[in-house]
Amino acid sequence: MASINEAKNIWMNGKLIPWKDATIHVLSHSLHYGNAVFEGVRAYQTKKGLAIFRLQEHTKRLFDSAKACLIKIPYSYDEVLKAHVDLLKSNDFKNTVYIRPIAFFGYGTMGVSNEGAHNDLAIAAWEWGAYMGEEALKKGIKVKISSWMRSAPFSMMNRAKSSANYFNSQMANFEAKQAGCDEALLLDPQGYIAEGSGECFFIVRDGKIITPLNNTSLESITQATVIEIARDLGYEVIRRPITRDEAYIADEAFFTGTAAEVTAISEIDSRIIGKGCMGEITSKLQKAYFDIVMGNNAKFEHYLTYIK
Ligand code: PMP
């Protein structure tokens, strides 16, 4: 999808090392058996310099994901927070930054069992703008409901940001693109809408904002932020199941996520949503979200970790 803008350094197992040296062995356990957990975090260029948005919540989720997936992060929570800051200080970023910490089983053991596997932690960061392009942020995207469903809670752990879950996401995203759409929307095993391949889903009906409440989606930080922003702007926000036909007839629909930010949805399965462009409420929420991450709203400044 997006090629990587190489940066200077990567933090790996406690050290800042040159980007090109941050490599792993082909017999790394996670590469074969699919157990790794990661985060997607963003840092924005604010008036007071580069600032990471909700670093504490992302780091807490990284530790929670690792716990659920039996991965031990060999550093404390505070050390991981500091590693993010050290990494950004050691690079020379001029634009929006995407940060990817990943905890995985490295080299040294083979076989399905994770017993005795080496616990590695790496944090990379590079410049990455709009996830689906600037045009998508302005106009909205076309979405296809996937033939793939989110895994049942007795099969996988969707609350964890686990690499293994992204096989399901990748297949859904491929299918959507093949069908001429930009992104997939996945249902849960009950047939209600779960989430996008890498985003949470919202609709607007009669001025009210609705987003799913289910047990087959990631516990999302942007979704929580957008709910908080919406309530702050005086909107009613309801968390309840959404069916696909309700999505088709919504007045507005949008995705949220650290990478996707607030992205309007203009079409779902060839049904035009609202006027087929970004709706009024989506537009207000997108503007408010960007104001907050860019440090232009003092009320939400506590979510920013300034780098310098
Ligand atoms: N669901 C999935 C499957 C995701 O990959 C993401 C992106 N991390 C989200 C939802 C949104 O989560 P967040 O807002 O915490 O980035």
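Residues numbered from 1 in each chain as written. Predicted model: local features only at pLDDT ≥ 70, side-chain atom pairs only at ≥ 80, totals over all residues. Heavy atoms only, no water.

Further remarks concern the pairing of strand β12 (residues 208–211). Strand direction decides the pairing type here: strand β11 (residues 200–205) and β12, joined by 3 bridges, are antiparallel. What sits directly across from R205, in β12, is K208. From the end of β11 to the start of β12, which pair antiparallel, there are 2 residues, and D206 there has a positive phi angle of about 50°. Bridge count between β12 and strand β13 (residues 237–239): 3 bridges; the pairing is parallel. Paired with T211 across the bridge in β13 is R239. In this view, the connection linking β12 to its parallel neighbour β13 by way of helix α6 (residues 221–232) has right-handed handedness. (Pairing = 2+ DSSP bridges. Helix = DSSP H or I, 4+ residues; strand = E, 2+ residues; numbered from the N terminus. Right-handed = clockwise from strand over helix to strand, strands pointing away.)

Right, let's talk about the packing of aromatic side chains for a bit. One pass over the full model with this rule turns up 13 aromatic pairs. Geometrically, the ring pair formed by Y98 and W128 is edge-to-face, given 4.9 Å between the ring centres and 75° between the ring planes. Of this pair, Y98 sits in strand β6 (residues 97–105) while W128 sits in the loop between β7 (119–127) and α4 (134–139), and the two are 30 residues apart along the sequence. Note on accessibility: Y98 and W128 belong to one class, buried. With 5.9 Å between their ring centres and 25° between their planes, W126 and W128 make a pair best called stacked. Comparing W126 with W128 shows no difference in burial state: the two are buried. Members of the aromatic cluster, connected to one another through ring pairs, are F53, Y289, F290, F300 and Y303. Positioned above the aromatic ring of Y303, the side-chain terminus of R54 is 3.7 Å from the ring centre. One cation-aromatic arrangement involves R271 over Y248; the distance from NZ or CZ to the ring centre is 4.0 Å. (Phe/Tyr/Trp six-rings, centres within 6.5 Å; stacked < 30°, edge-to-face > 60°. Buried < 20%, exposed > 50% of the residue type's maximum accessible area, 1.4 Å probe, protein only. Lys NZ or Arg CZ within 6 Å of the ring centre and 35° of its normal.)

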